[in-house]
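Chain by chain, the residues run as shown.
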Amino acid sequence: KFTADISSSDSDTLDDYEEGLFDFAATSASGTIGINTDYNEASYVKIGSIVHFQVRLHNNTFSGGDGTVTFTGLPFTSVASLTENDDQVPVLIYVVGSSASDRGALAGLIGEGVTTVVAYAIDADTWDNDVDIYMQGTYRAA
(Lines give C-alpha, C1' and ligand atoms only; values in the text may rest on other atoms or scores of the structure.)
Protein backbone atom coordinates (compact mmCIF):
# COMPACT_ATOMS: atom_id res chain seq x y z
CA LYS A 1 0.00 0.00 0.00
CA PHE A 2 1.10 3.53 -0.74
CA THR A 3 0.07 6.52 1.31
CA ALA A 4 1.23 10.09 1.68
CA ASP A 5 0.16 10.33 5.31
CA ILE A 6 0.47 7.37 7.67
CA SER A 7 -2.46 8.73 9.69
CA SER A 8 -4.70 8.51 6.59
CA SER A 9 -7.67 6.22 6.42
CA ASP A 10 -7.64 3.12 4.23
CA SER A 11 -9.66 4.95 1.57
CA ASP A 12 -6.66 7.25 1.07
CA THR A 13 -4.20 4.43 0.36
CA LEU A 14 -3.23 3.06 -3.00
CA ASP A 15 -3.40 -0.71 -2.76
CA ASP A 16 -3.56 -1.75 -6.41
CA TYR A 17 -0.69 -0.85 -8.72
CA GLU A 18 0.56 -3.00 -11.58
CA GLU A 19 2.54 -2.52 -14.77
CA GLY A 20 3.30 -4.95 -17.54
CA LEU A 21 3.37 -5.89 -21.20
CA PHE A 22 0.72 -7.43 -23.42
CA ASP A 23 0.33 -8.53 -27.05
CA PHE A 24 -2.15 -7.10 -29.49
CA ALA A 25 -3.59 -8.69 -32.62
CA ALA A 26 -5.47 -7.01 -35.46
CA THR A 27 -8.36 -8.43 -37.47
CA SER A 28 -10.69 -7.12 -40.12
CA ALA A 29 -14.01 -8.26 -41.56
CA SER A 30 -12.09 -10.24 -44.17
CA GLY A 31 -8.50 -10.98 -45.10
CA THR A 32 -5.38 -11.09 -42.96
CA ILE A 33 -3.62 -8.43 -40.93
CA GLY A 34 -0.43 -9.86 -39.47
CA ILE A 35 1.38 -8.11 -36.65
CA ASN A 36 5.15 -8.56 -36.60
CA THR A 37 5.87 -10.06 -33.18
CA ASP A 38 9.24 -8.26 -33.06
CA TYR A 39 7.35 -4.94 -33.02
CA ASN A 40 4.36 -5.84 -30.87
CA GLU A 41 5.25 -3.39 -28.11
CA ALA A 42 2.28 -2.90 -25.83
CA SER A 43 2.56 -1.81 -22.21
CA TYR A 44 0.18 -0.81 -19.46
CA VAL A 45 0.01 0.69 -15.98
CA LYS A 46 -3.00 -0.18 -13.81
CA ILE A 47 -3.70 2.03 -10.82
CA GLY A 48 -6.79 0.90 -8.95
CA SER A 49 -9.36 0.21 -11.68
CA ILE A 50 -7.85 2.69 -14.19
CA VAL A 51 -5.70 1.20 -16.97
CA HIS A 52 -3.38 3.39 -19.06
CA PHE A 53 -1.88 1.73 -22.14
CA GLN A 54 0.33 2.56 -25.09
CA VAL A 55 1.10 0.45 -28.11
CA ARG A 56 3.38 0.32 -31.13
CA LEU A 57 2.55 -2.36 -33.67
CA HIS A 58 4.00 -3.14 -37.07
CA ASN A 59 1.83 -4.78 -39.71
CA ASN A 60 4.01 -6.89 -42.01
CA THR A 61 1.48 -9.32 -43.48
CA PHE A 62 -1.51 -7.99 -45.28
CA SER A 63 -3.74 -9.96 -47.59
CA GLY A 64 -7.17 -8.89 -48.75
CA GLY A 65 -8.06 -7.00 -45.58
CA ASP A 66 -11.36 -5.14 -45.80
CA GLY A 67 -13.79 -3.62 -43.34
CA THR A 68 -13.50 -2.43 -39.76
CA VAL A 69 -10.23 -3.08 -37.96
CA THR A 70 -10.46 -4.54 -34.45
CA PHE A 71 -7.48 -4.81 -32.11
CA THR A 72 -7.72 -7.58 -29.54
CA GLY A 73 -5.76 -8.28 -26.39
CA LEU A 74 -6.21 -5.44 -23.90
CA PRO A 75 -4.74 -6.64 -20.59
CA PHE A 76 -8.00 -6.25 -18.60
CA THR A 77 -11.67 -6.46 -19.49
CA SER A 78 -13.36 -3.06 -19.55
CA VAL A 79 -16.05 -2.36 -17.00
CA ALA A 80 -19.50 -3.57 -18.08
CA SER A 81 -21.34 -0.45 -16.96
CA LEU A 82 -20.19 2.89 -15.65
CA THR A 83 -22.00 5.07 -13.17
CA GLU A 84 -21.64 7.93 -15.64
CA ASN A 85 -23.57 5.84 -18.22
CA ASP A 86 -20.64 5.94 -20.64
CA ASP A 87 -20.80 2.93 -22.89
CA GLN A 88 -17.64 3.56 -24.93
CA VAL A 89 -14.21 5.01 -24.19
CA PRO A 90 -12.21 6.81 -26.93
CA VAL A 91 -8.66 5.78 -27.87
CA LEU A 92 -6.12 7.69 -29.98
CA ILE A 93 -4.73 5.77 -32.98
CA TYR A 94 -2.10 6.95 -35.46
CA VAL A 95 -1.19 4.90 -38.54
CA VAL A 96 2.04 5.58 -40.46
CA GLY A 97 3.09 4.11 -43.79
CA SER A 98 -0.06 3.79 -45.88
CA SER A 99 -2.84 5.88 -47.37
CA ALA A 100 -4.49 5.54 -43.95
CA SER A 101 -1.85 7.91 -42.53
CA ASP A 102 -3.19 10.68 -44.78
CA ARG A 103 -6.10 10.96 -42.35
CA GLY A 104 -3.95 11.99 -39.37
CA ALA A 105 -4.93 10.93 -35.87
CA LEU A 106 -7.77 8.42 -35.79
CA ALA A 107 -10.18 7.28 -33.13
CA GLY A 108 -10.82 3.89 -31.65
CA LEU A 109 -13.42 2.87 -29.12
CA ILE A 110 -13.42 0.44 -26.21
CA GLY A 111 -16.91 -0.84 -25.50
CA GLU A 112 -18.34 -2.25 -22.29
CA GLY A 113 -17.07 -5.60 -20.99
CA VAL A 114 -14.47 -6.19 -23.73
CA THR A 115 -10.72 -6.50 -24.30
CA THR A 116 -10.85 -4.92 -27.77
CA VAL A 117 -10.40 -1.57 -29.49
CA VAL A 118 -12.46 -0.98 -32.63
CA ALA A 119 -10.88 1.52 -35.05
CA TYR A 120 -13.14 4.12 -36.63
CA ALA A 121 -12.63 6.27 -39.73
CA ILE A 122 -10.24 3.67 -41.11
CA ASP A 123 -10.87 0.44 -42.96
CA ALA A 124 -8.40 -2.34 -43.59
CA ASP A 125 -8.66 -1.69 -47.34
CA THR A 126 -6.63 1.51 -46.85
CA TRP A 127 -3.70 -0.44 -45.40
CA ASP A 128 -0.83 -2.22 -47.03
CA ASN A 129 2.31 -4.01 -45.83
CA ASP A 130 4.85 -2.12 -43.73
CA VAL A 131 2.43 -0.09 -41.59
CA ASP A 132 3.22 1.19 -38.10
CA ILE A 133 0.31 1.64 -35.69
CA TYR A 134 0.59 3.74 -32.54
CA MET A 135 -2.18 3.73 -29.95
CA GLN A 136 -2.76 5.28 -26.54
CA GLY A 137 -5.72 5.11 -24.22
CA THR A 138 -7.13 4.93 -20.73
CA TYR A 139 -10.09 2.88 -19.57
CA ARG A 140 -11.70 1.51 -16.41
CA ALA A 141 -11.19 -2.21 -15.77
CA ALA A 142 -13.92 -4.47 -14.44
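Residues numbered from 1 in each chain as written. Predicted model: local features only at pLDDT ≥ 70, side-chain atom pairs only at ≥ 80, totals over all residues. Heavy atoms only, no water.

Student: I'm lost on the overall build of the protein in this one. Help?
Tutor: Within the protein, the regular secondary structure consists of 0 helices and 10 strands. Counted from the first residue to the last, the protein has its helices and strands arranged as β-β-β-β-β-β-β-β-β-β. For the protein, buried positions account for 36% of its 142 residues. At a minimum sequence separation of 6, the contacts of the protein that also span at least 24 residues come to 70%. When the accessible surface of the protein is split by element, carbon and sulfur atoms take 48% of a total near 7,600 Å². (Helix = DSSP H or I, 4+ residues; strand = E, 2+ residues; numbered from the N terminus. Buried < 20%, exposed > 50% of the residue type's maximum accessible area, 1.4 Å probe, protein only. Contact = heavy atoms within 4.5 Å. Areas by Shrake-Rupley, 256 points an atom, 1.4 Å probe, with all protein chains shown as cover.)

Student: Just checking my understanding: could you explain the side chain of H58 for this structure?
Tutor: Assignment of secondary structure puts H58 in strand 5 (residues 50–66). A polar contact of 2.7 Å, which involves the side chain of H58, links it to the side chain of D132. Discounting residues that sit within four places of it in the chain, H58 has contacts with G34, I35, N36, Y39, D130, V131 and D132. (Polar contact = N/O pair within 3.5 Å; in protein donor to acceptor, adjacent residues only side chain to side chain.)

Student: How should the packing of aromatic side chains be read in this particular structure?
Tutor: To describe a pair of aromatic rings, you give the distance between the ring centres and the angle between the ring planes. Taken as a whole and judged by the stated rule, the model has 6 aromatic pairs. Both rings, one in F22 and one in F24, keep their centres 5.3 Å apart while their planes meet at 85 degrees; by these two values the pair is edge-to-face. Taken together, a centroid distance of 5.3 Å and an interplanar angle of 85 degrees make the contact between Y44 and F76 edge-to-face. Of this pair, Y44 sits in strand 4 (residues 41–47) while F76 sits in the loop between strand 6 (68–72) and strand 7 (89–96), placing them 32 residues apart in sequence. In this structure an aromatic cluster arises from ring pairing among F22, F24, Y44, F53, F71, F76 and Y139. One Lys or Arg, K46, reaches over the ring of F76 and ends 5.3 Å from the middle of that ring. (Phe/Tyr/Trp six-rings, centres within 6.5 Å; stacked < 30°, edge-to-face > 60°. Lys NZ or Arg CZ within 6 Å of the ring centre and 35° of its normal.)

Student: Would you take a moment to explain the pairing of strand 4 for this structure?
Tutor: A regular strand places its side chains so that they alternate between the two faces of the sheet. Because side chains alternate across strand 4, one face comprises the buried residues A42, Y44 and K46, and the other comprises E41, S43, V45 and I47, none of which is buried. Relative to strand 4, strand 1 (residues 17–22) runs antiparallel, the two sharing 6 bridges. Counterpart to G20 in the pairing with strand 4 is Y44. Of the strand pairs in this sheet, strand 4 and strand 5 are connected by 7 bridges, and their pairing is antiparallel. Within strand 5, the position partnered with Y44 by the bridge is F53. Linking two consecutive strands that pair antiparallel, namely strand 4 and strand 5, is a turn of 2 residues; a positive phi of about 65 degrees is found at G48 within it. (Pairing = 2+ DSSP bridges.)

Student: What is the right way to look at the environment of G34 in this model?
Tutor: Inspection of the secondary structure assignment puts G34 in strand 3 (residues 30–35). For the pair G34 and H58, spaced 24 residues apart in sequence, the C-alpha separation works out to 8.4 Å.

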